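Observations on the model geometry
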Amino acid sequence: MTAASLKLLPRSEYAGVNRDDPIRFYSWPVLGRMYRRRVEMCLAECTGGQRVLEVGFGSGVTFLNLHEGYREIHGLDLTADVAEVKRVFDARGIDTHLRNGSVLEMPYADETFDTVLLISILEHLDPAQQEMAFREIWRVLKPGGQVVYGVPIERPLMVFMFRMLGYNIREHHFSTEKDVSAAAEKMFDRVRVTPMRSFAGAVYEVGHFRKRHAAA
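The structure presented is a predicted model; accordingly, all values stated were derived computationally and were not measured.

A few words on the sheet that holds strand β7 (residues 201-211). Spatial ordering of the open sheet is given by β3-β2-β1-β4-β5-β7-β6, a layout of 7 strands whose pairing is mixed. Two strands close off the open sheet at either side, each with one partner strand: β3 (96-100) and β6 (188-198). Adjacent strand axes in the sheet meet at a mean angle of 15° when their direction is disregarded. Note: β6 against β7, 10 bridges, orientation antiparallel. Paired with R190 across the bridge in β7 is F209. Along the sheet, helix α4 (residues 127-140) contacts β4 (113-119), β5 (141-152), β6 and β7; its crossing angle with β5, the most-contacted strand, is approximately 145°.

Before going further, it helps to examine the environment of F63. Assignment of secondary structure puts F63 in helix α2 (residues 63-66). When its relative accessible area of 0% is taken as the criterion, F63 is described as buried. Expressed as a C-alpha distance, the spacing of F63 and I73, which sit 10 residues apart in the sequence, is 7.4 Å. Not counting the four nearest positions on each side in its chain, F63 is found in contact with E54, F57, I73, V85, F89, I94, T96 and L98.

Glancing now at the pairing of strand β1 (residues 49-55). Looking at chain direction, β1 and strand β2 (residues 70-77) are connected through 6 bridges and run parallel. From the neighbouring strand, V52 faces β2, where its bridge partner is I73. Pairing of β1 with β4 involves 4 bridges; the strand directions are parallel. Each bridged residue has a counterpart across the sheet, and for E54 the counterpart in β4 is L117.

Here is what the cut-offs are and how they apply
Residues numbered from 1 in each chain as written. Predicted model: local features only at pLDDT ≥ 70, side-chain atom pairs only at ≥ 80, totals over all residues. Heavy atoms only, no water. Pairing = 2+ DSSP bridges. Helix = DSSP H or I, 4+ residues; strand = E, 2+ residues; numbered from the N terminus. Axes fitted to C-alpha atoms, helices over the stretch in contact; angles between N-to-C directions. Contact = heavy atoms within 4.5 Å. Buried < 20%, exposed > 50% of the residue type's maximum accessible area, 1.4 Å probe, protein only.

By themselves, these figures tell us nothing about what the structure is for.
See below:
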């Protein structure tokens, strides 16, 4: 998929949004631009195909864009209200296949997806769980399929911004971008890892990896 602006519905039209969903930040002047940009960078790495799986799809902010590059949109999320999110996109002619579940034990057959997408998900796993997650991703990807992920790069500015929003980052983020990329490189071929820069330096990282023919 080519780089494009994130296509969003009016905020009031999203459904199944819980209190941890960052959708409320997307329209903010500065922080909102950063939230949108990280999603746009991830979407730009997705090459299109038959089936895409987004792990941690939340309220479905990527779905309008993913619909342009994939025939089927699948989603897996621990807490999302699957029926409510599906209803929103069904009404717009976008068929989605959504389930509740964990990246550590995914309810899909081997070699199902062309792309697995994870935006701000992997940092919530312990470092010891990263390899388990990437083994599951490897399993459900087709040969030559891609995994695209985005994770924050912790900076003093980011810690401060989380504090301003009422979050202690240490209660939410358990792995660094280095933990994530190290686990990915054990069983995937690295295409590129791209930092998202701000006035405070690199604050986010997007990884693009391809499936090897055999797991390490």
